[in-house]
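# Examination of the molecular architecture
One letter stands for each residue in the lines below.
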Amino acid sequence: MHKYQRWTAVFTPFVLLMLLLAACGQASTPAAPAAEEEAPAAEAPAEEAAAGDAQLEIFSWWTDGGEADGLAAMYEIFNEQHPDTAIVNATIAGGAGANAKTVLKTRLQGGEPPDSWQVHAGKELTAFVDAEQMEPLTTFFAEEGLNDVMPELLLEQITYNGEIWSVPVNIHRSNVMWYNVAVFEENGLEPPTTIEEFFTVAEQLQAAGVTPLAVGGSDKFETPHLFESVLLATLGQEDYVMLFEDPAMWDDPRVAEAATTLAQMLEYANDDRSAIGWADAAQRVLDGDAAMTVMGDWAHGFFLSKGVTPGVEYGYAAAPGTDGVFLWLSDSFGMARNAPNPDAAMAWLRVISSREGQDAFNPRKGSIPARTDADKSLYDEYLTYSIDQFATQQLAPSIVHGAAANEAFMSAYGNALNVFASDLDIEGLMLSLEDARAEL
Ligand code: GAL
């Protein structure tokens, strides 16, 4: 039997089993509100290059708009360089990877790793390393000269136990407010820069019959995502960073104040949060059904995939109260220990770490390159702004997207905020956060 066919035959029932397990095992899903779950949908293996014997399985959750386009652009380069290796695009839909992470965990525990998978740089990496599921890439970094072209911040985040473990492809910003330009103009309003201004503007938009804030929920990270910006706005950069260095910081009365602010903000958001995802929320802004959404700049990639232009149909600004701080995260790919196709996996890492690979991916993804020597002329107005902001602003790590804290904390934090998204119970949230911080 042809190698690809044989693999597919093994893969299909395996994935079905995984999905079943994932659907049944929701209690352990990060940030999963039990009952209303849908089984994560696996995309059909795609992106098969010219038929050859070799193959490469890449695992990610990039299925929406710009994320899928960016991934495809890296595949294209790989296919040009390795026409005899078929890429299997193993994606599990669901923003921020709640579904994908469940399936990945089961596969790794079952000894069926994909060759390379998406993982955030930072604390999220450490669980895979501790479980001995990844290969160190320290030598690869030295051979490819990557230590000289990646910012110190990222190199620190991918180094653990004295080794480098993954290849960052980008830097994303979490604390961005996206807004509908026409809605603001028609109502004679300016986009809010502070939390106080947010409430003034939201009140007026609501009176004008526009949903002030679009918030998703079905991807199970949207309210947790919004809260990290509110925490940053309330505590400021220095004390926000302290939340992860000194767990006692979670007792600071400003954390409860941030929870109160979040509850008030959600009063100005759509009620059907649990039914829509982050991309649907962004679409509502684009359609003018909602005025604003706070989302990472993969929303920029999403807007680009819809053929609209930053500064024309949609505007952007720091999330209210967070100007001056870049709440960062970074997507990276590692190499599986016992990867089925180690040579192809190394070739993949070479493509995604190259200038060409990063410059093909990031302008579509809505992120800025991890490499400092990228061709800046390829980056649009928003991304040029973001490159400048990253270089000049204070930095703070994202909670939800793996930079600030380990998987156990992320999961407890995510669950707490997802419950809050529907019950708005401040006391309950504080108790859950109290429990979560024990994981730090
Ligand atoms: C983040 C990831 C981004 C984007 C987003 C929504 O966790 O870092 O690249 O994919 O989820 O899916």
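Just above sits the structure.
Residues numbered from 1 in each chain as written. Predicted model: local features only at pLDDT ≥ 70, side-chain atom pairs only at ≥ 80, totals over all residues. Heavy atoms only, no water.

### Section: the sheet that holds strand E7 (residues 170-173)
Pairing between the strands of a sheet comes from backbone hydrogen bonds, and it takes one of two forms, parallel or antiparallel. Put simply, the test is: Note on pairing: two strands pair once DSSP finds at least 2 bridges between them. Under the DSSP-based scheme used, a helix requires at least four consecutive residues in state H or I and a strand at least two consecutive residues in state E, with every element numbered from the N terminus. In this analysis, two residues are considered to be in contact whenever any of their non-hydrogen atoms come within 4.5 Å of each other. Axes, fitted as lines to C-alpha atoms, cover a helix only where it is in contact. Angles between the N-to-C directions of the axes lie from 0 to 180 degrees.
Taken in spatial order, the four strands line up as E14-E7-E12-E15 in an open sheet, and their pairing is mixed. The open sheet is flanked by strand E14 (368-369) and strand E15 (394-397), the only strands paired with a single partner. The sheet contacts of helix H9 (residues 222-242) involve strand E12 (325-329) and E15, and relative to E15 the element is tilted by about 115 degrees.

### As for the side chain of Arg 437
Formally: Burial classes: relative accessible area under 20% of the type maximum marks a residue as buried, over 50% as exposed, and values in between as partly exposed (1.4 Å probe, protein chains only). We define a polar contact as two N or O atoms separated by no more than 3.5 Å, with the added condition that, inside protein, one atom must be a possible hydrogen donor and the other a possible acceptor, whereas residues neighbouring each other in sequence contribute only through side-chain atom pairs.
Along the chain, Arg 437 falls in the segment after helix H17 (426-436). Owing to a relative accessible area of 18%, Arg 437 belongs among the buried residues under this scheme. Among the polar contacts listed, one links the side chain of Arg 437 to the side chain of Asp 251, at a separation of 3.0 Å. Setting aside residues up to four positions removed in sequence, Arg 437 forms contacts with Pro 247, Ala 248, Trp 250, Asp 251 and Phe 409.

### Some words on the site of the ligand
Using the following cut-off: Think of it this way: one heavy atom of a residue within 4 Å of a molecule or strand is enough to make that residue near it. Computed with the Shrake-Rupley method and a 1.4 Å probe, the accessible areas treat only the protein chains shown as cover for residues. Nonpolar residues are Ala, Val, Leu, Ile, Met, Phe, Trp, Tyr, Cys and Pro. Charged residues are Asp, Glu, Lys and Arg, and all others, Gly as well, are polar.
Surrounding the ligand, one finds 13 residues, the nearest of these being Glu 67, His 120, Asp 331, Lys 365 and His 401. In this structure, Glu 67 approaches the ligand through a side-chain N or O atom, which is 2.8 Å from an oxygen atom. For the ligand, the protein covers 100% of the area, taking 310 Å² as the surface of the free molecule. A class-by-class count of the residues in the shell around the ligand yields six nonpolar, four polar and three charged.

### Comments concerning the pairing of E12
Counting buried positions over the five residues of E12 gives five, a clear majority of the element. Side chains Val 325, Leu 327 and Leu 329 of E12 all project onto a buried face; the interleaved residues Phe 326 and Trp 328 project onto the opposite face, where all are buried too.

### Focus on the packing of helix H8 (residues 195-207) against helix H10 (residues 253-266)
To be explicit about the condition: The labels follow the angle: roughly parallel below 35 degrees, roughly antiparallel above 145, roughly perpendicular from 65 to 115, and oblique for the rest. With the far helix as reference, a near helix turned anticlockwise by less than a right angle produces a left-handed crossing, and one turned clockwise produces a right-handed crossing.
At their nearest, the axes of H8 and H10 sit 11 Å apart, and the two run at 20 degrees to each other. As judged from the angle between their axes, H8 and H10 are roughly parallel. As for the relative orientation of H8 and H10, their crossing is left-handed in sense. Between H8 and H10, the residues in contact are Ile 195, Phe 198 and Phe 199 and Thr 261, Gln 264 and Met 265, respectively. By residue class, the composition of the contact of H8 with H10 is four nonpolar, two polar and no charged.

### Focus on the sheet that holds strand E6 (residues 166-168)
The strand order across the open sheet built from five strands is E2-E1-E3-E13-E6, with neighbouring strands paired in mixed fashion. Across the chains shown, the open sheet's two edge strands, defined by having one partner strand only, are strand E2 (85-91) and E6. For this sheet, the mean angle separating the axes of adjacent strands, direction not counted, is 30 degrees. As paired elements, E6 and strand E13 (residues 331-334) share three bridges and run antiparallel to each other.

### Let's talk about the environment of Arg 350
Tracing the backbone through its elements, the reader meets Arg 350 in helix H13 (residues 342-353). C-alpha of Arg 350 to C-alpha of Phe 78: the two residues are 272 residues apart in sequence and 9.2 Å apart in space. If we ignore the near neighbours within four places in the chain, the residues touching Arg 350 are Phe 140 and Glu 144.

### Quick look at H17
Along an α-helix, a turn takes 3.6 residues, which lines up residues three or four apart on a common side. Applied cut-off: An arc is given here, and it is the one of the directions from the helix axis to the C-beta atoms.
Buried within H17 we find Leu 429, Leu 433 and Ala 436. On an axial view of H17, the arc spanned by its buried residues comes to 55 degrees, and they lie on one face. Facing away from the buried side of H17 by over 90 degrees, the exposed positions are Glu 427, Leu 431 and Asp 435. Two or three places before Glu 427, at the opening of H17, Asp 425 has a side-chain oxygen 3.2 Å from that residue's backbone nitrogen.

### Describing the pattern of salt bridges
Worth spelling out the cut-off: The rule for a salt bridge is simple: a side-chain nitrogen of Lys or Arg has to be within 4 Å of a carboxyl oxygen of Asp or Glu.
According to the stated counting rule, one finds 11 salt bridges in the structure shown. We note a salt bridge from Glu 124 to Lys 101, for which the minimum N-O separation is 3.3 Å. Remark: Lys 101 occurs in helix H3 (residues 98-109) and Glu 124 occurs in helix H4 (residues 124-130); sequence separation between them is 23 residues. When its relative accessible area of 13% is taken as the criterion, Lys 101 is described as buried. Residue Arg 254 is joined to Asp 239 by a salt bridge in which the shortest nitrogen-to-oxygen separation is 2.8 Å. Of this pair, Arg 254 sits in helix H10 while Asp 239 sits in helix H9, and the two are 15 residues apart along the sequence. Classification of Arg 254 as partly exposed rests on a relative accessible area of 24%.

### Some points on the packing of aromatic side chains
Selection criterion: Here a pair means two rings of Phe, Tyr or Trp (six-membered ring of Trp) with centres within 6.5 Å. Their orientation is stacked below 30 degrees between planes, edge-to-face above 60, and tilted elsewhere.
Going through the model one piece at a time under the given rule, you end up with 27 aromatic pairs. Judged by centre distance (5.9 Å) and plane angle (70 degrees), the ring pair of Trp 278 and Phe 302 falls under edge-to-face. With Trp 278 in helix H11 (residues 278-287) and Phe 302 in helix H12 (residues 298-305), this pair connects stretches of sequence that are 24 residues apart. When the ring of Phe 303 is compared with that of Tyr 314, the centres are 4.3 Å apart and the planes differ by 35 degrees; the resulting orientation is tilted. Here the residue Phe 303 occupies a position in helix H12, and Tyr 314 occupies one in strand E11 (residues 314-318), the gap between them amounting to 11 residues. This pair shows no difference in class: Phe 303 is buried, exactly as Tyr 314 is.

That is the geometry; function is a separate question.
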